[in-house]
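The chain contents come next:
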Amino acid sequence: MVNIHDVAARKRQEREAKLSTYRKGCIHVPSGAIDLSQYPLSRLTETERIIVHCDATAIVDLIRKRVYTAQDVLRAFVKVAVAAQDVTNCLSEVLLDEAFLQASKLDQYLEETKNVIGPLHGLPVSIKDHIKIKGLDTSSGYLGWAYKTVADGDALVVEILRNAGAILYVKTQTPQTLLSLETDNNVFGKTVNPFNRNLTPGGSSGGEGALIACHGSPMGVGTDIGGSIRIPAAHCGLYGLKGSVARLPHSGLLGSHDGMDAIVGCVGPLARSARDLELFCRVMLDAEPWLSEPPLLEMPWKRSVANGEGLPEKLAVAILFDDGVVAPHPPITQALNKYKHALARAGHDVIEWQAVDHQYGWDLITKLYLLDGGAEYRETIRAGGESEVPQTEWMLKHAQGRDPYTPADIFKLNSEREAFRSKALAHWNATQQRTVSGRPVDVILCPVAPTLAPPHNTTSWWGYSSHWNLLDLPGVVFPVDRFTATASATYPPLPHPRNDVENFIHKQWNPTTYDNAPICLQLVGRRHNEEKLLAMLNVVEKAFKDNALWEEHL
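### Digging into the overall build of the protein chain
Line of reasoning, step 1. In terms of regular secondary structure, the protein chain is built from 18 helices and 13 strands.
Line of reasoning, step 2. Its C-alpha radius of gyration of 22 Å places the protein chain within 12% of the 24 Å reference for a compact globule of 554 residues.
Line of reasoning, step 3. Burial analysis of the protein chain (554 residues in total) assigns 59% to the buried set.
Line of reasoning, step 4. Counting only contacts in the protein chain whose residues sit at least 6 apart along the sequence, the fraction spanning at least 24 positions is 80%.
Line of reasoning, step 5. Summed over its atoms, the accessible surface of the protein chain is roughly 21400 Å², and 51% of this surface lies on carbon and sulfur atoms.
Line of reasoning, step 6. Side chains of the protein chain carry 55 positive and 63 negative charges; the gap between the two charge centres is 2 Å.

### Side note on the side chain of Ser 244
Line of reasoning, step 1. Tracing the sequence through the fold places Ser 244 in the loop between β7 (239-242) and β8 (266-271).
Line of reasoning, step 2. At a separation of 3.0 Å, a polar atom in the side chain of Ser 244 contacts the main-chain carbonyl oxygen of Asp 472.
Line of reasoning, step 3. For Ser 244, the residues in contact, after removing those within four places along its chain, are Cys 266, Asp 472, Leu 473, Pro 474, Arg 527, His 528 and Glu 530.

### Description of the nonpolar core
Line of reasoning, step 1. Core analysis: the biggest nonpolar cluster contains 88 residues, and Val 157, Leu 161, Leu 445 and Phe 478 have the highest contact counts within it.
Line of reasoning, step 2. Not counting residues within four places of it along the chain, the set of residues in contact with Leu 445 comprises Val 317, Ala 318, Ile 319, Leu 320, Leu 336, Tyr 339, Leu 343, Phe 478, Leu 521, Gln 522 and Leu 523.
Line of reasoning, step 3. Counting 57 residues, the second-largest nonpolar core is a separate cluster that includes Ile 212, Cys 236, Ala 262 and Trp 468.

### Side note on the environment of Asn 307
Line of reasoning, step 1. Relative to the helices and strands, Asn 307 resides in the loop between α10 (303-306) and β9 (316-319).
Line of reasoning, step 2. When the C-alpha positions of Asn 307 and Met 536 are compared, they lie 9.2 Å apart, and in sequence the two are 229 residues distant.

### Quick word on the pairing of strand β11 (residues 443-446)
Line of reasoning, step 1. Of the two faces of β11, the one lined by Val 443 and Leu 445 and the one lined by Ile 444 and Cys 446 are each fully buried.
Line of reasoning, step 2. Relative to strand β13 (residues 518-524), β11 runs antiparallel, the two sharing three bridges. Residue pairing across strands places Cys 446 opposite Gln 522, the latter belonging to β13.

### A closer look at helix α15 (residues 407-429)
Line of reasoning, step 1. In this model α15 runs 33 Å from its N-terminal to its C-terminal C-alpha over 23 residues, within 8% of the 33 Å that 1.5 Å per residue would give.
Line of reasoning, step 2. Taken together, the buried residues of α15 touch α12 (358-369), β11, α16 (463-471) and β13.

### Some remarks on the side chain of Thr 88
Line of reasoning, step 1. Mapping Thr 88 onto the fold places it in helix α4 (residues 70-88).
Line of reasoning, step 2. In terms of polar contacts, Thr 88 uses its side chain to reach the backbone carbonyl oxygen of Ala 84, at 2.7 Å.
Line of reasoning, step 3. Setting aside chain neighbours within four positions, we find Thr 88 in contact with Lys 190, Thr 191, Val 192, Pro 194, Ala 210 and Cys 214.

### Here we look at the pairing of strand β10 (residues 349-352)
Line of reasoning, step 1. Only one face of β10 is covered, namely the one carrying Asp 349 and Ile 351; the face carrying Val 350 and Glu 352 has none of its residues buried.
Line of reasoning, step 2. One ladder, built from four bridges, connects β9 with β10; its direction is parallel. Among the inter-strand pairings, Ala 316 is bridged to a residue of β10, identified as Asp 349.
Line of reasoning, step 3. Note that the unit made of β9, helix α11 (residues 330-345) and β10 has a crossover that is right-handed.

### Concerning the environment of Pro 124
Line of reasoning, step 1. Counting through the fold element by element, Pro 124 comes out in strand β2 (residues 124-128).
Line of reasoning, step 2. We classify Pro 124 as buried; its relative accessible area is 0%.
Line of reasoning, step 3. In this structure, the C-alpha to C-alpha distance between Pro 124 and Thr 172, residues 48 residues apart in sequence, is 13 Å.
Line of reasoning, step 4. Leaving out residues up to four positions away in the same chain, Pro 124 has contacts with Val 73, Leu 74, Phe 77, Ile 167, Tyr 169, Pro 218 and Met 219.

### Regarding the pattern of salt bridges
Any two side chains of opposite charge can pair, on the condition that their charged atoms come close.
Line of reasoning, step 1. For the structure shown, the criterion picks out 28 salt bridges.
Line of reasoning, step 2. A salt bridge links Glu 16 to Arg 23, with the shortest nitrogen-to-oxygen separation between them at 2.7 Å.
Line of reasoning, step 3. Judged by its relative accessible area of 35%, Glu 16 is partly exposed.
Line of reasoning, step 4. When the shortest N-O distance is used, the salt bridge between Arg 64 and Asp 61 registers 2.3 Å. Remark: Asp 61 and Arg 64 occur in helix α3 (residues 56-64); sequence separation between them is three residues, near one turn of the helix.

Basis of the calculations
- Residues numbered from 1 in each chain as written.
- Predicted model: local features only at pLDDT ≥ 70, side-chain atom pairs only at ≥ 80, totals over all residues.
- Heavy atoms only, no water.
- Helix = DSSP H or I, 4+ residues; strand = E, 2+ residues; numbered from the N terminus.
- Rg over C-alpha atoms; globule rule 2.2 N^0.38 Å.
- Buried < 20%, exposed > 50% of the residue type's maximum accessible area, 1.4 Å probe, protein only.
- Contact = heavy atoms within 4.5 Å.
- Areas by Shrake-Rupley, 256 points an atom, 1.4 Å probe, with all protein chains shown as cover.
- Lys, Arg positive; Asp, Glu negative; His and termini not counted.
- Charge placed at Lys NZ, Arg CZ, Asp CG, Glu CD.
- Polar contact = N/O pair within 3.5 Å; in protein donor to acceptor, adjacent residues only side chain to side chain.
- Core = buried A, V, L, I, M, F, W, Y, C linked by side-chain atoms within 4.5 Å.
- Pairing = 2+ DSSP bridges.
- Expected span 1.5 Å × (residues − 1).
- Right-handed = clockwise from strand over helix to strand, strands pointing away.
- Salt bridge = Lys/Arg side-chain N within 4 Å of Asp/Glu carboxyl O.

The following block contains the structure:
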């Protein structure tokens, strides 16, 4: 019988014991250091440094061409991952011995057959903690689940990764309940942002965000029911994709509210390049996961569409500058304006997206998240003898003082959700009246959140991310820049706050708070059009880069 009070200490000691064998000396981080991102790279050889700066697509190509072995690649990423854990607290479970054994087998296979075992041969892939890996504990941020939730099988996404030749080597930190856009729990503690330790890396895939940002993983697997892939990607300067429900494999996950389908999460990738998102989706759907997971649609990956086939020569892009609830902080608005200018200069049709009831959408989705009034979350926390971390407390307040919904209530909420989706779809279609081409917009460009990575325990508006979960539209996050707080910079004043949440977030705005935080934006596409969304991301990024080159030569 495990003593509940010893659980956290034991989990952390076991993690440390598994990492210590692979730690190459202690990294000294000065107490006043804010930017931690370079410390994990400080003990690499030149070859290792080259490897960890490659994206996943390049890595699998270099292994296939036998430039590097799978063991070379794994050794480099493990060295960084161990150091990344030391500075950001991003890891949960560790399976490094097994990973090196697998890398050795893969190298032997390639040596003997001259063929790779699959399209991800030798690629290290990190996995969010609540995605099951056979034989590993799956505490998922709950003390009460530690040592009681050892996975008896692999999640489908893990099975596909293994069959494709990927190497699983670490699992990453998640928040208590998983229903949080920060990463903090009582099992392993809080994860910090590698670019500014005073800020959150986001959540609930925050361990993935921090690890990949440190170059400790070339590709990670997260999940998203309200922003949990896109927020960590944004706060950590990465690419991240949330598809529509029923497109990518989602079975074999452990979390509260298993079986609740009023609002459903999605599995998806976090990575260092846009093409890696396409690689992940292609591998997943080439495996025909709908033959193993009944809810999935039989929709093979259309690689030609992802590469741009069928796209109009000029896109129609709608930009959402303000969701009507919380106007974004100046660095985000500035980034949107830069993209507006670049897209217009490239000849694309740019209009403004008029927000559709984001406050109503938030009120509705929180009811769908907490159909039982938060009872299961509270019971699980209580069973572990632990307390609610601040962001759990914040979320559960949304159901404070009300009873669980009855079946009749839930039917009504589901009807409201479908009516809201119909209204939003009609709104999208009506943009044809405002575009030059006379067709509806192809894509929406918008913030991921109203702030850059915020200080710990202060996330208070999900509306720029959860809105698209409610509508079941795919969203992809991409990096724009890194914010630098300079004394000479001036910023336009924020508008007068329209509500208490906006007032709180606007009072947070102080350039020095967000120094070195990544700036990212989001593209939102039509439902189940993930290939087209990634193709449009390529077009949007090209327009921005071409414009930057043009401005350099002025």
